[in-house]
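Architecture and fold: a report
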Amino acid sequence: MKLTELLKNEIIITDGATGTLLHRKGLALGKRPERLSLTAPDVLQGIHKAYFDAGSNIVCANTFGANCLNYGEDELERLVAAAMENVLRARDESLSKKPKFVALDVGSLGRLLKPLGSLGFEEAVSVFSKTVKLGAKHGADLVFIETMNDGYETKAALLAAKENCGLPVFVSNAYGENGLLMTGGSPETVIPMLEGMGADAIGVNCSFGPENLRPVIEKYLKYASVPVIMKPNAGLPHEHDGATVFDVGKDEFVKSVVGCVKSGVRVAGGCCGTDPGFIAALSKALEGVLPVEITEKRRAAVSSYCKAVDFSDLPVLIGERINPTGKKRLKQALLDGDVDYIVDEGIAEEKRGAHVLDVNVGIPEIDEKKTLPEIVSELQTAVKTPLQIDTASFTAMEAAARIYNGAPLLNSVNGKKESMDAVFTIMKKYGGCAVALTMDENGIPDTAEKRLAVAKKIAAEAERRGIAKERLIFDALTLAVSTDKNAAKTTVEAVSLIKKELGCHTVLGVSNVSFGLPKRETVNAAFFVAAAEKGLSAAIINPLSDEMMKSYRALKVLSGDDEGAASYIAFASETDGETKKESPPGEAVDLRFAVIKGLKEKAAAAARERLAVTAPMELIENELIPALDEVGRQYEDGRVFLPELLMAAEASKAAFEEVKLKMKADGVAADKGKFVIATVEGDIHDIGKNIVKLILQNYGFDVYDLGKDVPAKRIVDEVKRLHAPFAGLSALMTTTLPAMAKTVALLRKETPWCRVIVGGAVLTEEYAASIGADKYGRDAMDTVRYALAELEN
């Protein structure tokens, strides 16, 4: 039976942890586990066979960290080939009568993608592609992408799998205790992206025990139209009699997972701390349990890295200001490459309440295929709102959709065959929704009924290609009432018909209605309200227009969508009288604002200007540190996410460089102390370490980064050499926890003055205390605040 057929009709059981079992056998301590496929094949085969015998339908090869960043290409092929051979042999030797499949296991690369890190998106796709090709070549039945904690890297891995093999692809992300990915993504943002790109099953693994993951699972079951995966840990690790153990027992684990399967989970297994005994018990408990039918949710949703917009939440506002049509200043910014101006426009629109930002760079003087992805890349790190990729060039649209971090809104498709061929192909590959113009080869229909007919034609073609019609947001086309007195009436009628007869969402470019008239905002606002009353789902507007936003806020109150009129009252207060605009586009920006918003070039320029009249230490203490503290508080409160924290840190770093130049010229030096930092031996993941390093540097610490896979002795020797008061240790994998414990013990013995901070996805405060660390660093800001407090003691 094919896996895809089994997935439709049966509950599928995966394996549990591999690293946990290698750890128990003492084989993965301080070593890269992928090499054990060559040096200890019998052990790996035994582990894989034990899982098949326990009832697993899917067992993953020992390839989690097998990629060309960690291994040379020749060694990589040998490792993947050996890993696949081990699991294939185990499958053949298992006596289990269940359908059995072998998976190429693909894990995180351990690096943040640009602009937050050093690895480019296409570089990441290329790295994943090499592993995928090898897995397919050496016998994989499916690709299992797992333990991903960044949506952008997840997209790169899925894209690589879809482009380089024809195998089913399962995708599983690792969420934190706040229910979010490390970079701020949520199930609501991840699901439309992964589903739209064609993942065969999606879900959750690692992180915590099953009960702690239940809220995330419930969101997947609510929003996903494809099978949902659940592979939790056996709780969290702690030290007991010198061994790493987990706090959720087999019976508790099985009871919780079975409960989630009965709620709709289709693919179930285990992660860290689980073993064949867990899987055997789970398999037995699921005997006779019938799978819950998977229903198509047919949602119209787009997302950024951290925010989802559902067009059922009416009405959606799409900011129109990043479009050079009729905007001389924006056109000049595009010609000059003035990205800061464009980003400022986006920030201003977001601040005023836009839910989605339109991005159009279509002027004849520039290369749109090159410029549109560049502007999208800059904007998607500066704002939380999803983006509408607006272009008549299909090549530019695809280039921008490819690098977009989320599920985009494409603008637009129409009823012409060549348009549907191009845009629907992009949607099938990159997901998202599309604005569908109700026009075709015959132009713009002159009646509402004819526009409905074009909409039906486009919807039918989308469905034929496997794209739900609900992913199309139909534009009933706004024409100027100055040239046709019935234009607005026809458009509003078409909106109503499309909603009633197609059951689809609609959008209008509102400002077109008033072309050629005086006081256009008054007409625009009235037209928006009239269309909204007929069921308009979204409006492309200028959110900096008080007239438009007054209408929108009032509409929300009157429709019952603004509890207690709270949003309306807040808006009215902001716009009552003379309100100072906060750093409008093109104007000078103050240093604190530039840091908080992550505007690197503006932060550097503002620092240079301020240093002409302010002493360096005064600037640090009164402006830079308070700005970082504010972003840090917002990060800890969940108001901003990791990308914003890192962008603020980069902006602060640019300002600090100016301060350092000034201090050097003045013959002054200052730092808060030396801080040695490293990822422990055997672990090749350094995302967390690099984040902590950047934030520490911005607070004035002199950070000595020893890199990843660092032996304990080297860390101790560096702390001795520097007489460093702080050492930070990072680990992502449970198999490297013993290496962390060993390093802490050696630091305690040979450098008793040093404060030791440990952190990483698999650690807990209890575990940190049990191995003798001074502090469990929950995140970068927690580490910084601890170090600053220690300096004051």
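Residues numbered from 1 in each chain as written. Predicted model: local features only at pLDDT ≥ 70, side-chain atom pairs only at ≥ 80, totals over all residues. Heavy atoms only, no water.

1. Brief notes about the overall build of the protein chain
For the protein chain, the count of helices and strands is 30 helices and 25 strands. A compact globule built from 793 residues would reach a C-alpha radius of gyration of about 28 Å, and the protein chain, at 28 Å, matches this within 12%. Overall, the protein chain is about 80 × 75 × 50 Å in size when its C-alpha atoms are taken along their principal axes. For the protein chain, the proportion of contacts with a sequence separation of at least 24, taken over those separated by at least 6, is 75%. Summed over all atoms, the accessible surface of the protein chain reaches about 31,000 Å², with 50% contributed by carbon and sulfur. (Helix = DSSP H or I, 4+ residues; strand = E, 2+ residues; numbered from the N terminus. Rg over C-alpha atoms; globule rule 2.2 N^0.38 Å. Contact = heavy atoms within 4.5 Å. Areas by Shrake-Rupley, 256 points an atom, 1.4 Å probe, with all protein chains shown as cover.)

2. Section: the sheet that holds strand β13 (residues 316-319)
Spatial ordering of the closed barrel is given by β13-β14-β15-β16-β17-β18-β19-β20, a layout of eight strands whose pairing is parallel. Along the sheet, successive strands turn relative to each other by an average axial angle of 30 degrees, direction set aside. Across four bridges, the pairing between β13 and strand β20 (residues 538-541) is parallel. For I318, the partnering residue across the bridge sits in β20 and is I540. Relative to the sheet, helix α18 (residues 487-502) contacts β18 (472-475) and β19 (505-509), its axis offset from that of β19 by approximately 165 degrees. (Pairing = 2+ DSSP bridges. Axes fitted to C-alpha atoms, helices over the stretch in contact; angles between N-to-C directions.)

3. Examining the side chain of S511
Tracing the sequence through the fold places S511 in the loop between β19 and α19 (520-533). Discounting chain neighbours no more than four positions away, the residues touching S511 are E320, R520, N524 and I540.

4. A few points about the packing of aromatic side chains
Given two aromatic rings, their pairing is described by the distance between the two centres and the angle made by the two planes. Applying the stated criterion across every chain yields a total of seven aromatic pairs. On the numbers, 5.4 Å between centres and 15 degrees between planes, the contact of F675 with F726 is stacked. Of the two residues, F675 sits in strand β21 (residues 674-679) while F726 sits in strand β23 (residues 726-730), which places them 51 residues apart along the sequence. F726 gets classed as buried once you look at its relative accessible area, which sits at 2%. Relative to F726, the ring of F701 lies with its centre 6.1 Å away and its plane at 85 degrees, an arrangement referred to as edge-to-face. With F701 in the loop between α26 (687-698) and β22 (702-705) and F726 in strand β23, this pair connects stretches of sequence that are 25 residues apart. One exposure class covers both F701 and F726, and it is buried. (Phe/Tyr/Trp six-rings, centres within 6.5 Å; stacked < 30°, edge-to-face > 60°. Buried < 20%, exposed > 50% of the residue type's maximum accessible area, 1.4 Å probe, protein only.)

5. What about the packing of helix α24 (residues 616-636) against helix α25 (residues 642-666)?
Packing of α24 against α25 leaves a shortest axis separation of 10 Å and a crossing angle of 170 degrees. It follows from the interaxial angle that α24 and α25 lie roughly antiparallel. When α24 is examined against α25, the residues P616, M617, L619, I620, L624, I625, L628, V631 and Y635 are found in contact with a partner set consisting of L642, E644, L645, A648, A649, S652, A655, F656, V659, K662, M663 and D666. Of the residues that constitute the contact of α24 with α25, the class distribution is 17 nonpolar, one polar and three charged. (Parallel < 35°, antiparallel > 145°, perpendicular 65-115°, else oblique. Nonpolar A, V, L, I, M, F, W, Y, C, P; charged D, E, K, R; others polar.)

6. Details of the environment of K49
Mapping K49 onto the fold places it in helix α4 (residues 41-54). For K49, a relative accessible area of 26% gives the class partly exposed. Separated by 38 residues in the primary sequence, K49 and V87 have C-alpha atoms spaced 7.6 Å apart. Setting aside chain neighbours within four positions, we find K49 in contact with A90, E93 and S94.

7. Some thoughts on the nonpolar core
The biggest cluster of nonpolar side chains holds 214 residues, and the ones touching the most others in it are I145 and F474. If one sorts the elements of this core by residue count, α25 sits on top with 11 residues. Excluding residues that lie within four positions of it along the chain, I145 makes contacts with V106, A157, L158, A161, V169, F170, V171 and S172. Counting 29 residues, the second largest nonpolar core, distinct from the first, contains V676, V719, A741 and C754. (Core = buried A, V, L, I, M, F, W, Y, C linked by side-chain atoms within 4.5 Å.)

8. Section: the packing of α4 against helix α5 (residues 73-93)
Running from amino to carboxyl end, α4 crosses α5 at an angle of 45 degrees, the nearest separation of the two axes being 8 Å. The angle between α4 and α5 falls in the class oblique. Once α4 is placed against α5, the crossing between them reads as right-handed. Contact residues: α4 offers P41, L44, Q45, H48, K49 and F52, while α5 offers N86, V87, R89, A90, R91 and E93. (Left-handed = near helix turned anticlockwise from the far one by under 90°.)

9. Digging into helix α14 (residues 368-382)
Taking 1.5 Å per residue as the helical rise, α14 with its 15 residues ought to reach 21 Å, and the 21 Å between its terminal C-alpha atoms agrees with that figure. For α14, the complete set of buried residues consists of E368, T371, L372, P373, I375, V376, L379, Q380, T381 and A382. Two to three positions downstream of the cap, the backbone nitrogen of K369 sits 3.2 Å from a side-chain oxygen, assigning the N-cap of α14 to D367. (Expected span 1.5 Å × (residues − 1). Polar contact = N/O pair within 3.5 Å; in protein donor to acceptor, adjacent residues only side chain to side chain.)

10. With respect to the side chain of E320
Looking at the element boundaries, E320 is found in the loop between β13 and α12 (328-336). Despite its burial, E320 pairs with no opposite charge, the nearest such side chain being K327 at 5.3 Å. The residues touching E320, leaving out its near neighbours within four places in the chain, are K327, E349, D358, S511, I540, I541, N542 and P543. (Lys, Arg positive; Asp, Glu negative; His and termini not counted. Salt bridge = Lys/Arg side-chain N within 4 Å of Asp/Glu carboxyl O.)

11. Topic: the confidence of the model for the protein chain
Here the protein chain averages 92 in pLDDT, and 97% of its residues register 70 or above. Long-range and interchain partners of residues 577-587, a stretch whose pLDDT sits below 50, account for 12 contacts in this model, where long-range means more than four residues apart. (pLDDT = per-residue confidence, 0-100.)

12. As for the state of the cysteines
Evaluation of the coordinates by the stated rule reveals zero disulfides. Free of any disulfide, C60 has its nearest cysteine sulfur in C271, 9.5 Å distant. Residue class for C60 comes out buried when judged on its relative accessible area of 4%. (Disulfide = S-S within 2.5 Å.)

13. A closer look at the environment of E750
Considering the arrangement of structural elements, one finds E750 in helix α28 (residues 737-750). Owing to a relative accessible area of 30%, E750 belongs among the partly exposed residues under this scheme. Measuring from C-alpha to C-alpha, the distance between E750 and V719 comes to 9.5 Å, with 31 residues separating the pair along the chain. For E750, the contacting residues outside a window of four places in its chain are V716 and K720.

14. Section: the pairing of β23
Taken across its five residues, β23 has five buried, putting it largely inside the fold. Burial of β23 is two-sided: the residues F726, G728 and S730 facing one way and the residues A727 and L729 facing the other way are all buried. In this sheet, β23 lies alongside β21 in parallel orientation, the contact comprising five bridges. Considered in β23, the bridge of F675 is made with F726. Relative to strand β24 (residues 755-759), β23 runs parallel, the two sharing five bridges. Residue pairing for β24: L729 is matched across the bridge by V758. Where the polypeptide runs from β23 across α28 and back to β24, its parallel neighbour, the crossover connection is right-handed. (Right-handed = clockwise from strand over helix to strand, strands pointing away.)

15. Some details on the sheet that holds strand β25 (residues 775-776)
Sheet strands pair by backbone hydrogen bonding; their relative direction is either parallel or antiparallel. Here five strands make up an open sheet; going across it, the order is β22-β21-β23-β24-β25 and the pairing parallel. The outermost strands of the open sheet, each flanked by one partner alone, are β22 and β25. Here β24 runs beside β25; their pairing, made up of two bridges, is parallel. The residue bridging I757 from the neighbouring strand is K775, located in β25. Strands β21, β23, β24 and β25 of the sheet are contacted by helix α30 (residues 780-792), whose axis makes an angle of about 170 degrees with β24.

16. Focus: the pattern of salt bridges
Tallying each qualifying case throughout the model produces 54 salt bridges. Where K137 meets E77, a salt bridge forms, and the shortest distance between an N and an O atom there is 2.7 Å. Highlighted residues: K137 in helix α6 (residues 121-137) and E77 in helix α5, separated in sequence by 60 residues. Residue classification places K137 among the exposed residues on the basis of a relative accessible area of 58%. Taking relative accessible area as the criterion, E77 reaches 27% and is therefore assigned partly exposed. The salt bridge partner of K219 is E188, with a shortest N-O separation of 3.5 Å. Highlighted residues: K219 in helix α9 (residues 210-223) and E188 in helix α8 (residues 187-196), separated in sequence by 31 residues. Through salt bridges that share partners, K417, D421, E461, R464 and R465 make up one connected network.

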